[in-house]
Amino acid sequence: MEKYDNDINRKEWVHHFMKFDKDQLYEMNMGVLCGLTVDQINMYAYPKMNYLCMRLIKESFLELMPMEHIKVFANPNLSYFQMVILKDAFKKGLTVQEVRAVANTRFTYNEMKDMIDHFLKLRF
């Protein structure tokens, strides 16, 4: 996957950033304005990632969620709803290993939800 940062020349910059729509560019710019690092912005700077997914990742950084947690759901192949349920799984107390077991693009949102519920039931 391509990474986007400020270490490329102007011609390459224009070529790469033309792949993003205005909503995606807005989320990346907001990340800069909010003080995110290039590494943090690179976690969601993918042309095929929906801007809502980008926003979810950006907000997770701003909420000071651990990078290790964000890396689990910051996958451009996941849908927005899949990312939301994985982020919520961390908020509910699941471990990185448990959420990684669920964070697979072959699982639907409902399958992920059932697996998370199963992990939560095992705790009680």
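Residues numbered from 1 in each chain as written. Predicted model: local features only at pLDDT ≥ 70, side-chain atom pairs only at ≥ 80, totals over all residues. Heavy atoms only, no water.

J.: I would appreciate a short explanation of the overall build of the protein in the present structure.
T.: What the protein contains, in helices and strands, is eight helices and zero strands. Its helices and strands taken in sequence order, the protein reads α-α-α-α-α-α-α-α from the N to the C terminus. Burial statistics for the protein: of 124 residues in total, 40% are counted as buried. At a minimum sequence separation of 6, the contacts of the protein that also span at least 24 residues come to 55%. Of the roughly 7,700 Å² that the protein leaves accessible, carbon and sulfur atoms contribute 55%. (Helix = DSSP H or I, 4+ residues; strand = E, 2+ residues; numbered from the N terminus. Buried < 20%, exposed > 50% of the residue type's maximum accessible area, 1.4 Å probe, protein only. Contact = heavy atoms within 4.5 Å. Areas by Shrake-Rupley, 256 points an atom, 1.4 Å probe, with all protein chains shown as cover.)

J.: Looking at this structure, I do not really get the nonpolar core. What am I missing?
T.: A general feature of soluble globular proteins is that nonpolar side chains tend to end up buried together. With 35 residues, the main nonpolar core has Tyr44, Met49, Ile57, Ile70, Phe73, Met83 and Leu86 as its most contacted residues. Looking at this core, the elements with two or more residues in it are helix H4 (51–62), helix H5 (67–73), helix H6 (80–91), helix H7 (96–102) and helix H8 (109–122). (Core = buried A, V, L, I, M, F, W, Y, C linked by side-chain atoms within 4.5 Å.)

J.: Is there a simple way to explain the packing of helix H2 (residues 22–33) against H4 in this structure?
T.: Packed helix pairs are characterised by how far apart their axes lie and by the angle those axes make with each other. As a packed pair, H2 and H4 sit with axes 8 Å apart at the nearest point and diverge in direction by 10 degrees. Judged by the inter-axis angle, H2 sits roughly parallel to H4. The segment H2 lies against H4, with Asp23, Gln24, Glu27, Met28, Met30 and Gly31 engaging Tyr51, Met54, Arg55 and Lys58. Across the contact of H2 with H4, the residue classes tally to four nonpolar, two polar and four charged. (Axes fitted to C-alpha atoms, helices over the stretch in contact; angles between N-to-C directions. Parallel < 35°, antiparallel > 145°, perpendicular 65-115°, else oblique. Nonpolar A, V, L, I, M, F, W, Y, C, P; charged D, E, K, R; others polar.)

J.: Mind showing me how you'd approach the side chain of His69 here?
T.: The topology assignment puts His69 in helix H5. Accessibility expressed as a relative area gives 19% for His69, which makes it buried. Every residue in contact with His69, bar those within four places of it in the chain, is listed here: Phe90 and Val96.

J.: Can you walk me through the pattern of salt bridges in this structure?
T.: Pairs may arise between side chains of opposite charge once their charged atoms sit close together. One pass over the structure, following the stated rule, counts five salt bridges. The salt bridge involving Asp117 is made with Lys113; its shortest N-O contact spans 3.3 Å. With Asp117 and Lys113 both in helix H8 and four residues apart, this pair spans about one turn of that helix. For Lys113, a relative accessible area of 36% translates into the label partly exposed. (Salt bridge = Lys/Arg side-chain N within 4 Å of Asp/Glu carboxyl O.)

J.: It is not clear to me how the packing of aromatic side chains should be interpreted in this structure. Could you clarify?
T.: Each pair of aromatic rings is reported with the distance of its centres and the angle of its planes. Across all of its chains, the model carries one aromatic pair by this definition. A centroid spacing of 5.5 Å and a plane angle of 70 degrees characterise the contact between Tyr80 and Phe81, whose relative ring orientation is edge-to-face. (Phe/Tyr/Trp six-rings, centres within 6.5 Å; stacked < 30°, edge-to-face > 60°.)

J.: Mind showing me how you'd approach the confidence of the model for the protein here?
T.: Reading predicted coordinates in detail is not appropriate for stretches of low pLDDT. The predicted model of the protein averages 89 in pLDDT, with 85% of residues at 70 or higher. When pLDDT is averaged over each helix and strand of the protein, the minimum, 59, is found for helix H1 (residues 10–17) and the maximum, 98, for H4. (pLDDT = per-residue confidence, 0-100.)

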